[in-house]
Amino acid sequence: FPSLPLELISLPEISSLDDLIQVEVDSSTSNIYYTGMYLVNDKYQVYFMIYNPTGGSFWMNGGIQFEIDPSLVKADDPQYSEYRSALTDLLAQENEVLCWLMGINVTVSEEEGPVKGYHEVQAMGDYDPKTINDVKAIAEKVFTQDYLKENYYPAAFERESSTFLEQDGKLYCAETILTEQKSSYSINPSYIIAAKETDGTVKLDLLADVNGEVQPIIHRVQLARIDDGFRLPEVY
């Protein structure tokens, strides 16, 4: 069950599908068997989807999403300017940093280094890292250290065949066959619906683009406030 939108406290009780307005689904382009909707208020809608009805629990076979008409969201609302600026900057760097941690788009020397399959790092975009700590510092400008330690640092630096290694005062990156994957989906910081900050954690409800078009589905994004700004606690 996804988090309720920040502006909602509860949902009306639904006792049967008869309480919902059925929405037609194109079975040729979707594996959704049934979609039902109701208006929570004059702003929010909730959709219930059943993918594989078996007579069991709805939550084993379906999903739920909250939507809002994008025209009801004030674009670039000034009350969220601090969060919007931080999120825009972080999202612009997010994919690039993750690619570097996996050895993608890292500029390296043509000649192989002293360890087979590794080449000396020459640049990461505009950065010129010389040590593993330099690479970590770059990543920690975007993500929280805890998130990186749990999800990316082991493969990047700590395993026997890690992506990066240091030897004789030089930084090397492993050869990779991985390539950057482009997505048609992107969070749109201009369409923040609501925000709530508690104990250094910022929760944001906002919309996303698909192929450049703003979509009505509400997404939850979080920011971690630290001494020198904000960081992403997960990938978006």
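Everything discussed here concerns the structure shown above.
For clarity, every value in this text was computed on a predicted model and none was experimentally measured.

Participant: What's the story with the sheet that holds strand β1 (residues 21–23) in this structure? I'm lost.
Facilitator: Each strand in a sheet pairs with another by means of backbone hydrogen bonds, the pair being arranged parallel or else antiparallel. One open sheet accounts for four strands, arranged β1-β2-β3-β4; its pairing is antiparallel. The sheet is open, and its two borders are formed by β1 and β4 (62–68), each paired with just one other strand. Pairs of neighbouring strands in the sheet enclose a mean axial angle of 30 degrees, with direction left out of account. With seven bridges joining them, strand β3 (residues 44–50) and β4 adopt antiparallel strand pairing. Counted as the bridge partner of methionine 49 is glycine 63 from β4.

Participant: Please clarify how the environment of serine 71 should be interpreted in this entry.
Facilitator: Note on placement: serine 71 falls in the loop between β4 and α2 (81–101). By relative accessible area, which is 60% here, serine 71 ends up exposed. It is 41 Å that separates the C-alpha atoms of serine 71 and valine 106, two residues lying 35 residues apart in sequence.

Participant: Would you mind showing me how to read the pairing of strand β8 (residues 170–174) here?
Facilitator: Here is the key point about a regular strand: its side chains alternate between the two faces of the sheet. For β8, a buried count of four out of five residues is recorded, marking the element as mostly surrounded by other parts of the structure. The sheet contact formed by strand β6 (residues 118–123) and β8 spans three bridges and is antiparallel. Following the sheet pairing, tyrosine 118 is matched in β8 by alanine 174. Hairpin connection from strand β7 (residues 164–167) to β8: two residues lie between these consecutive antiparallel strands, with aspartate 168 at a positive phi of about 55 degrees.

Participant: Help me understand the packing of α2 against helix α3 (residues 132–139) in this model?
Facilitator: Helices that pack against each other are described as a pair by the angle of their axes relative to one another and the distance between those axes. Two elements in contact, α2 and α3, have axes separated by 10 Å at closest approach and are oriented at 155 degrees. Relative to α3, α2 is oriented roughly antiparallel. Where α2 crosses over α3, the handedness of that crossing is left-handed. Here α2 contributes Val97, Trp100 and Leu101 to the contact with α3, which in turn contributes Val135, Ile138 and Ala139. Classifying every residue of the contact of α2 with α3 gives six nonpolar, no polar and no charged.

Participant: Explain the sheet that holds β7 to me, please; I cannot follow it from the model alone.
Facilitator: The strand order across the open sheet formed by four strands is β5-β6-β8-β7, and the pairing between neighbours is antiparallel. Since the sheet does not close on itself, it has two edges, and those belong to β5 (107–112) and β7, each with one partner. On average, each strand axis in the sheet is inclined to that of its neighbour by 45 degrees, with strand direction left out of account. As paired strands, β5 and β6 are joined by three bridges and run antiparallel to one another. Of the residues in β6, the one forming a bridge with glutamate 112 is histidine 119. Relative to the sheet, α3 contacts β7 and β8, its axis offset from that of β7 by approximately 145 degrees.

Participant: Sorry if this is basic, but what is going on with the state of the cysteines here?
Facilitator: Formally, a disulfide is one covalent bond, and it connects the sulfur atom of one cysteine to the sulfur atom of another. Scanning the model with the defined rule gives zero disulfides in all. Here cysteine 173 stays free of any disulfide, with the sulfur of cysteine 99 as its closest cysteine sulfur at 12 Å.

Participant: Would you take a moment to explain the side chain of aspartate 209 for this structure?
Facilitator: Here aspartate 209 lies in strand β10 (residues 201–210). No salt bridge is formed by the buried aspartate 209, whose closest oppositely charged neighbour, arginine 84, lies at an N-O distance of 13 Å. There is a polar contact of 3.0 Å between the side chain of aspartate 209 and the side chain of asparagine 188. In this structure, aspartate 209 is in contact with Ser184, Tyr185, Ser186, Asn188 and Val214, ignoring residues within four places of it in sequence.

Participant: When you look at the nonpolar core in this model, what are you seeing that I'm missing?
Facilitator: Nonpolar side chains tend to gather and get buried jointly when the protein is soluble and globular. Residues Leu87 and Phe164 are the most contacted members of the largest nonpolar core, which totals 40 residues. Considering every element that reaches this core, the biggest residue donor is α2, with nine residues. Ignoring anything within four residues of it in the chain, the contact list for phenylalanine 164 reads Trp100, Leu101, Val106, Val121, Met124, Ile132, Val135, Ala156, Phe157, Leu171, Tyr172 and Cys173. If you look at the next biggest cluster of nonpolar residues, it comprises 17 residues, including Tyr44, Phe66, Tyr191 and Ile193.

Participant: Quick question: what am I supposed to make of unusual backbone geometry here?
Facilitator: Residues other than glycine predominantly adopt negative phi, and peptide bonds predominantly adopt the trans conformation. In this model, asparagine 105 sits at a positive phi of 65 degrees, which is unusual for a non-glycine residue. Relative to the elements of secondary structure, asparagine 105 occurs in the loop between α2 and β5. Positioned with a positive phi, aspartate 168 is a non-glycine residue whose angle comes to about 55 degrees. The topology assignment puts aspartate 168 in the loop between β7 and β8. Classification of aspartate 168 as exposed rests on a relative accessible area of 71%.

Calculation criteria
- Residues numbered from 1 in each chain as written.
- Predicted model: local features only at pLDDT ≥ 70, side-chain atom pairs only at ≥ 80, totals over all residues.
- Heavy atoms only, no water.
- Pairing = 2+ DSSP bridges.
- Helix = DSSP H or I, 4+ residues; strand = E, 2+ residues; numbered from the N terminus.
- Axes fitted to C-alpha atoms, helices over the stretch in contact; angles between N-to-C directions.
- Buried < 20%, exposed > 50% of the residue type's maximum accessible area, 1.4 Å probe, protein only.
- Parallel < 35°, antiparallel > 145°, perpendicular 65-115°, else oblique.
- Left-handed = near helix turned anticlockwise from the far one by under 90°.
- Contact = heavy atoms within 4.5 Å.
- Nonpolar A, V, L, I, M, F, W, Y, C, P; charged D, E, K, R; others polar.
- Disulfide = S-S within 2.5 Å.
- Lys, Arg positive; Asp, Glu negative; His and termini not counted.
- Salt bridge = Lys/Arg side-chain N within 4 Å of Asp/Glu carboxyl O.
- Polar contact = N/O pair within 3.5 Å; in protein donor to acceptor, adjacent residues only side chain to side chain.
- Core = buried A, V, L, I, M, F, W, Y, C linked by side-chain atoms within 4.5 Å.

Keep in mind these values describe shape, not function.
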